[in-house]
Amino acid sequence: MKPVKIGLCGLGTVSSGTFNVVARNQRDINARAGCDIIITHVGARRDNPACDLSGVQVSRDIFDVARNPEVDILVELIGGTTVAKELVLEAISNGKHVVTANKALIAEHGNEIFAKAKAAGVTVAFEAAVAGGIPIIKAIREGLAANRIEWLAGIINGTGNFILTEMRDKGRAFDDVLKEAQALGYAEADPTFDVEGIDAAHKLVILASIAFGMPLQFDKVFTEGITKISAEDVAYAQELGYRIKHLGIAKREGDSVELRVHPTLIPQKRLIANVDGVMNAVLVKGDAVGPTLYYGAGAGAEPTASAVIADIVDLARTLTADPEHRVPHLGFQPGELSSPTVRDIREIETAYFVRMSALDKPGVLSTITQILSEAGVSIEALIQKEQPENIDTAPIILLTNRAVEQHLLNALEKIQALPTVVGEVTHIRVESLS
Ligand code: HSE
């Protein structure tokens, strides 16, 4: 069999992982692919001391790799959405298959890229874009192909989970843990993508498109990060039997879907509540199989390389199939932008953890509970701690039953306006994930 020649663009963390795993496991990888897989070309502005590039044709212009007729598969690992998009489109128009770990690129420009790939009869594979080393795209697209996917929920940002875990277990400061995540190569080039939930939103929209067969609609994802989670929230949640995790949730509700990324209280007894550090986990509920859970490292050089190389091996196998079967079926027609519609966050229904600080006076609590009850929000549990004599405010923590978000927001607006309520009233969504 003819060897499959790979052009690797970018020589950062994931590239060096890919380069080194291919070198280390060459024999097994070739055996699984049924042919030799060789990284023949590298496009990068500078070398990386972690990669031995002897025998590889190195170009300082990445577009040389996209145009080189010898390259069969271009692996895009430069990140970003401008040059990366041009590079991928150039590779496609030159008849090359593409493997990418770039979630922002797929989430924001995937519809256009897939349409061009389909027209050119080439494949764009993106397993490494979601949940690092976990083969979650393959699991949903192939392993669960028999199912109607009802919902999925995942911890899909390793950096965010690492920060929340270190804060909870070791009481470390947010900024200090973030710096460590950057040093370990977990964080995005712009770490606000991690902590503000944008990276998770990119991944969620990709998962939803595979699970529900819908076009990518990144702009419709409700996105909230972890920056507002306080040590108090974590402690009170624990007291109520919950853990706070940053989740991406995609749920089918009739003809529409919910796409949301936000901190979420999860019952402590759920396996996913105990997924800590940089690890990711995705729960997928199919109508035939029931709930399934996928767990593994969500970021880092070699875990992500594992997914990149799996795509290369898959592609190498399909290169022997007839062209008609090379483009994997996405479940939607590239370019299609129809149903299902994405629900506004105010229409969703879930339970809530609400925290506020109020003056320690008679009648305050009953006013608050009355406002909630008038809005149709019922209370499941309540904590009000006695405060020392010299402090005139007291924290009030409420756990509600399921309610429509708009109803809760109506109540919170009224509660926030009460002269007896001090500071911001915060709320975190709660999911039982059962
Ligand atoms: N910054 C990402 C994360 C990298 O922390 O999950 C993997 O996509």
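Residues numbered from 1 in each chain as written. Predicted model: local features only at pLDDT ≥ 70, side-chain atom pairs only at ≥ 80, totals over all residues. Heavy atoms only, no water.

### Comments concerning the side chain of E431
In plain terms, the rule: Labels follow the DSSP assignment, with helices taken as runs of H or I lasting at least four residues and strands as runs of E lasting at least two, numbered in each case from the N terminus. Whenever a nitrogen or oxygen atom comes within 3.5 Å of another N or O atom, the pair is scored as a polar contact, on the condition that within protein one atom can donate a hydrogen and the other can accept it, and that pairs from neighbouring residues in sequence are kept only if both atoms are in side chains. Here a residue-residue contact requires only that any non-hydrogen atoms of the pair lie within 4.5 Å.
Relative to the elements of secondary structure, E431 occurs in the segment after β18 (421–430). In terms of polar contacts, E431 uses its side chain to reach the side chain of T350, at 3.1 Å. Excluding residues within four positions of it along the chain, E431 makes contact with I249, K251, R260, T264, L265, I266, P267 and T350.

### Some points on the pattern of salt bridges
To keep it simple, the criterion reads: For this analysis, a salt bridge means a side-chain nitrogen from Lys or Arg found within 4 Å of a carboxyl oxygen belonging to Asp or Glu. Burial here depends on accessible area, computed with a 1.4 Å probe over protein chains only, as a share of the maximum for the residue type. Under 20% is buried, over 50% is exposed, and the range in between is partly exposed.
Evaluation of the coordinates by the stated rule reveals 30 salt bridges. In this structure, the salt-bridge partner of R355 is E232, at a minimum N-O distance of 3.4 Å. Linking R355 in strand β14 (residues 349–359) with E232 in helix α11 (residues 231–239), this pair joins segments that are 123 residues apart in sequence. Residue R355 is classed as buried on the basis of its relative accessible area, which comes to 14%. For E232, a relative accessible area of 39% corresponds to the partly exposed category. One salt bridge connects R317 with D314, and the closest N-O pair in it is separated by 3.3 Å.

### Observations regarding the packing of helix α4 (residues 83–93) against helix α5 (residues 103–120)
To be explicit about the condition: Angles run from 0 to 180 degrees between N-to-C directions of axes, and those axes are lines fitted to C-alpha atoms, restricted for helices to the stretch in contact. To sort the angles, those under 35 degrees are grouped as roughly parallel, those over 145 as roughly antiparallel, those from 65 to 115 as roughly perpendicular, and the leftovers as oblique. By convention the crossing between two helices is left-handed if the near helix lies anticlockwise of the far one by an angle smaller than a right angle, and right-handed if it lies clockwise. Each residue is assigned to one of three groups, with Ala, Val, Leu, Ile, Met, Phe, Trp, Tyr, Cys and Pro labelled nonpolar, Asp, Glu, Lys and Arg labelled charged, and all others, Gly among them, labelled polar.
Interaxial distance between α4 and α5 falls to 10 Å at its minimum, and their mutual angle equals 15°. It follows from the interaxial angle that α4 and α5 lie roughly parallel. When the axes of α4 and α5 are compared, the crossing they make is right-handed. Contacts between α4 and α5 involve A84, K85, V88, L89 and I92 from the first element and L105, H109, E112, I113, K116, A117 and A120 from the second. Class assignment of the residues belonging to the contact of α4 with α5 gives a composition of eight nonpolar, one polar and three charged.

### Quick notes on the domain arrangement of the protein chain
The condition that has to hold: Residue ranges labeled as domains rest on an automatic or database domain assignment. A 1.4 Å probe defines the accessible area here, and the buried area is the portion of it lost by two parts on being joined, summed over both.
Domain parsing of the protein chain yields domain 1 (4–133 + 302–326), domain 2 (136–297) and domain 3 (347–430). Taken over C-alpha atoms, the centre of domain 1 sits 26 Å from the centre of domain 2. Surface buried jointly by domain 1 and domain 2 totals about 1,500 Å² across both partners, of which 65% is contributed by carbon and sulfur atoms. Three residues stand out in domain 1 for area buried against domain 2, namely K103, A107 and V130, and they jointly supply 35% of the buried area on that side. Here K103 ties to D199 by a salt bridge, and the two come within 3.2 Å at their closest N and O atoms. Contributions of two or more residues to the side of domain 1 that touches domain 2 are made by α5 and α12 (301–318). Considering each element in turn, the side of domain 1 that touches domain 2 owes the most residues, eight residues, to α5. A per-class count over the side of domain 1 that touches domain 2 returns nine nonpolar, five polar and four charged.

### A short note on the pairing of β14
Formally: The criterion for strand pairing is that DSSP finds at least two bridges linking the strands in question.
Taken across its 11 residues, β14 has eight buried, putting it largely inside the fold. In terms of strand pairing, β14 meets strand β17 (residues 403–404) through two bridges, oriented antiparallel. Bridging from a neighbouring strand, T350 pairs with A403 of β17. Sheet topology note: the β14/β18 ladder contains seven bridges and is antiparallel. Its bridge partner being in β18, R355 is matched across the sheet by T426.

### Re unusual backbone geometry
Keep in mind that most residues, glycine aside, have a negative phi and that most peptide bonds are trans. With phi around 60°, A131 is a residue other than glycine that occupies positive phi space. Looking at the element boundaries, A131 is found in the loop between β6 (124–125) and α6 (136–143). Exposure remark for A131: the relative accessible area of 0% places this residue in the buried category.

### Brief notes about a negative patch on the surface
Note the following rule: The patches described consist of residues with a relative accessible area above 30% and no salt bridge, like charges being joined within 9 Å and nonpolar side chains (Val, Leu, Ile, Met, Phe, Trp, Tyr) within 5 Å. Surface exposure here means Shrake-Rupley accessible area, sampled with a 1.4 Å probe, where a residue is shielded only by the protein chains that are shown. Counted as positive: Lys and Arg. Counted as negative: Asp and Glu. His and the chain ends are not counted at all. By convention, the charge on Lys lies at NZ, on Arg at CZ, on Asp at CG and on Glu at CD.
Taken together, the side chains of D360, E386, E389 and D392 present a region of like negative charge at the surface. The class for D392 is exposed, based on a relative accessible area of 53%.

### Things to note about the site of the ligand
Rule in force here: We call a residue near a given molecule or strand whenever any one of its heavy atoms falls within 4 Å of it.
Residues in close proximity to the ligand include K103, N157, G158, T159, Y186, A187, E188, D194, D199, K203, G298 and A299, which together make up its full environment. With respect to the ligand, the backbone of G158 contributes an N or O atom lying 2.7 Å from an oxygen atom. Interatomic distance of 2.8 Å between a side-chain N/O atom of K203 and an oxygen atom of the ligand. Contact with the protein chains removes 93% of the 250 Å² of surface that the ligand exposes when unbound. Residue assignment for the shell around the ligand shows that the elements contributing at least two residues are α7 (158–170) and α10 (198–212). Taken together, the residues that form the shell around the ligand break down as three nonpolar, four polar and five charged.

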